[in-house]
Every structure is written in structure tokens, then in C-alpha cells.
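These are the residues of each chain, in order.
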Amino acid sequence: MFKWFGKVNFSQYTKVSEFANHLKDGHLMGSKCKQCGHESFPPRADCNQCLSGDFEYLEFGGQATLLSHTTIHAAPTGFEDVAPYTIGVVDLKETGRLLAWFGDTVSDDEIKIGMELQVVPQIFEELEEIKVYYSLEKPGTTWSVSKSAM
Ligand SMILES: [Zn+2]
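Counting from 1, residues in each chain are numbered in the order their sequence is written. For this predicted model, a pLDDT threshold of at least 70 governs which residues receive local features, and a threshold of 80 or more governs which side-chain atom pairs are given and counted, while totals over whole chains, interfaces and linings are taken from all residues. To get the side-chain values, all heavy atoms of the structure are used, and hydrogens and water are removed first.

J.: Requested: an account of the pattern of salt bridges, with residues and values cited.
T.: A side-chain nitrogen of Lys or Arg and a carboxyl oxygen of Asp or Glu constitute a salt bridge if their distance falls within 4 Å. Per the stated rule, a full pass over the model turns up 2 salt bridges. Close ionic contact of Asp91 with Arg97 constitutes a salt bridge, the shortest N to O distance being 2.7 Å. Of the residues examined, Asp91 reaches a relative accessible area of 24% and is grouped as partly exposed. Residues Lys138 and Glu110 are paired through a salt bridge, measuring 3.1 Å at the closest nitrogen-oxygen approach. Separated by 28 residues along the polypeptide, Lys138 in the loop between strand E8 (130-137) and strand E9 (147-148) and Glu110 in the loop between strand E6 (97-102) and strand E7 (116-125) bring together distant segments of the chain. The partly exposed category is assigned to Lys138, whose relative accessible area is 38%. Burial classification: accessible surface area is computed with a 1.4 Å probe over protein chains only, and a residue below 20% of its type maximum counts as buried, one above 50% as exposed, and the rest as partly exposed. Strands here are runs of E lasting at least two residues and helices are runs of H or I lasting at least four, both read from the DSSP assignment and numbered beginning at the N terminus.

Here is the structure:
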């Protein structure tokens, strides 16, 4: 059994650990504050509008619009072997802004500001924790979960 998001006795993580389980089941979830209705992505246990800790999960479709993109040639330590790579900033249809890598379904010459994209969680399970990052794919792209990086 994997310990999602690491240490289970760390309350900040346990409150949103369900997020990982939803991802595993193929659902991208944001959160909605039960006090003021503010929606967040990624989900946060404590509302950044009214500071309430009372929230519920809300399924997000992952449809997004490209706001900005850049190609990294001088990669940070640990990413040298994958450079050059292109990352984009997208606005989710529901709410939230996300920085993510472009996936294999979008070629560099197709990338245009304002294009529709699908945010796809890429999940890597490791011994102690789950790691999630997102890739930007063509609309309608679905994801396969529980990839193993090992
Ligand atoms: Zn709130």
C-alpha cells in the first residue's frame, strides 16, 4: 500500500490525500469551500478567501486555454537530459492557473496562445510518496494512471 502524499500524520497532507485517490481513479479534482463557495485548483484544505477548513471536492474536467508558453533550453539541475522542453501556463475552464509540460500529443509547431488543451495528470508512484505533475495535451486526451517511474 502506498502512502499517498507521504507522511499520513501530517495534517496538511491528510486533508487532501483523497485528491491522490481521486486521481488514481481518473478524476481530476478541485476543491470548493463550503463556507464561501470559493473554488480552488489544486484543491486546498484551507480556503484562501475566508480561511475556512471546511471544503468539498469538485470534479474538474481539465479543459484549459493556453495563456503563455516557453521552451527551456538551459534546464535546471536534474532536468538536463530532457532539455529542450516546452512548458505552458494554462487557465482551467473552472478556475485555477497551472504550469505544466507539453505532452507528446502536441507538437511544438502547433503551440499557439489561446489554444484549447487538456490537462492530464501524470502520476508516478514511488516507495514513500506519490508524485503528480501535469502535461498539456490535445482536447479529449485521457490519461492512464498508476504509471511507475521505477
Ligand atoms: Zn471560503
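J.: Describe unusual backbone geometry, with residues and values.
T.: With an omega dihedral of -10 degrees, the bond running from Phe41 to Pro42 counts as a cis peptide bond. Mapping Pro42 onto the fold places it in the loop between strand E2 (39-40) and strand E3 (55-60). Positive phi is not limited to glycine here, since Leu51 has a value of about 70 degrees. By relative accessible area, Leu51 is classed as exposed at 69%.

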